[in-house]
Amino acid sequence: MDSIQRRDAKSGKVSFADPVVISETTKSRVVMIPFFVPHTDHTELAIKIVTYRKAPPPMDWAIVEEKSVSLKEDASRKLLKAMQSHLAVCEENDNGNYLVIRVTEGTADIGKHDPMSVAKALTNVLSQEGVVEHLANTDLCDELLTAFRGAIRLKEMRAAVAMLREHLEQGDNDEQTYQRWCEQHTWAFGSCYVIRDNVRTISAGDKLDLILPTVMSGYRDLVELKRPDMCVLNYDGHHQNYYFAADVSKALGQCHRYLDIFHEAAANGLRDHPEVMAYHPRATLVIGRSNNWQTEMFKTLHGLNRRLNGITVMTYDQLLAQGERLIEILAATGNTEGQTTGLDQENGFDDEMPF
């Protein structure tokens, strides 16, 4: 705690406080003298920076006039702001571009900074583990906390989509890779799915890839994952039409079996997990790629899906596009809290698929 004594100058027009030594050596001394200049509606703070040098005896200290400077309040505040900003940068060890944002009474002054750069910087900071939890204990409004969480959530979702795209572009065909990705990011199957069940076994010998509870009803649907390198559609040159390839047909039969067993076993809850309930569940089969498909192939898959009962076939590229579309919707609406959106199977999910 600093003690400051303010007293009148001899002129009686201003007051001043004791000089503050800001630098001193055996040969020189630099001090700051604060002055308080009264005005009709306020008092202005002005400072004078004075340099002294050691003079020969019998004199002690002599003012070096050419190295003294007087600053009015505006200049003094600019100096203070510059010092505070640069001291904040000084606390960091590395070179780089720094954004120093001044916050006064809850309002951030970004000055001439690019708003996009500021937003990106803040998102990077807020995405650090434990930051949001710490903010929750501070005196911040619910709207601000929600905005922070939303920004972090969108960043996580974008990173997840980028990861899926990278796996596909690198030609990774390991089914377990996509199993782990889908377990961690069930939202990609639609905003009606925000969590997954840890349970995967529905009967002796039948283990599902994913069991997803729907937000609206709580009933479970299932997801079956196959490899991205599997063929989805073949072309019949004689009849001039596409049809499901053998890999898809085999997987569809597997899904039908799972749906029958799951409906029977979980109508009133699974035996060891009564909370896991399924009533006329749906299945999503993810298989193959469609990045090089022609329009007619997408049209064919859409038509075939329409004629399937309770099963939707989609490729990994369509899952990627669906995740990207969901992020666009959430970013536009600010809805990152799990409320249902257009990508919702219980509210016409098939009609909203981005393919």
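Attention here is on the structure that accompanies the text. (Residues numbered from 1 in each chain as written. Predicted model: local features only at pLDDT ≥ 70, side-chain atom pairs only at ≥ 80, totals over all residues. Heavy atoms only, no water.)

## A short note on the nonpolar core
One finds Val 248, Phe 262, Leu 285 and Val 313 to be the most contacted residues of the largest nonpolar core, which totals 30 residues. Those elements that provide at least two residues to this core are strand S15 (241-244), helix H6 (246-265), strand S16 (283-286), helix H7 (295-306) and strand S17 (311-314). If one sorts the elements of this core by residue count, H6 sits on top with 8 residues. In this structure Val 248 touches Cys 231, Val 232, Leu 285, Ile 287 and Val 313, once residues within four positions along its chain are discounted. Of all hydrophobic cores here, the second largest spans 26 residues; its members include Cys 182, Trp 187, Met 314 and Leu 320. (Core = buried A, V, L, I, M, F, W, Y, C linked by side-chain atoms within 4.5 Å. Buried < 20%, exposed > 50% of the residue type's maximum accessible area, 1.4 Å probe, protein only. Helix = DSSP H or I, 4+ residues; strand = E, 2+ residues; numbered from the N terminus. Contact = heavy atoms within 4.5 Å.)

## Structural notes on the pattern of salt bridges
Enumeration over the complete set of coordinates arrives at 6 salt bridges. Among the salt bridges present, the one from Arg 165 reaches Glu 324, with a minimum N-O distance of 2.3 Å. Taken together, the residues Arg 165 in helix H4 (residues 142-169) and Glu 324 in helix H8 (residues 316-333) connect sequence positions 159 residues apart. A relative accessible area of 28% means that Glu 324 is categorised as partly exposed. The residue Arg 227 makes a salt bridge to Asp 229 at a minimum N-O spacing of 2.9 Å. (Salt bridge = Lys/Arg side-chain N within 4 Å of Asp/Glu carboxyl O.)

## Here we look at the packing of aromatic side chains
In total, this model carries 5 aromatic pairs according to the counting rule given. Ring centres 4.8 Å apart and planes at 50 degrees place the aromatic pair Tyr 178 and Tyr 316 in the tilted group. Of this pair, Tyr 178 sits in helix H5 (residues 175-184) while Tyr 316 sits in helix H8, and the two are 138 residues apart along the sequence. Here the two residues Tyr 178 and Tyr 316 agree in accessibility, since each one is buried. (Phe/Tyr/Trp six-rings, centres within 6.5 Å; stacked < 30°, edge-to-face > 60°.)

## Observations regarding the environment of Met 277
Looking at the secondary structure, you find Met 277 in the loop between H6 and S16. With 57 residues separating them in the primary sequence, Met 277 and Arg 220 have C-alpha atoms 6.0 Å apart. In this structure, Met 277 is in contact with Gly 218, Tyr 219, Arg 220, Ala 266, Ala 267, Asn 268 and Gly 269, ignoring residues within four places of it in sequence.

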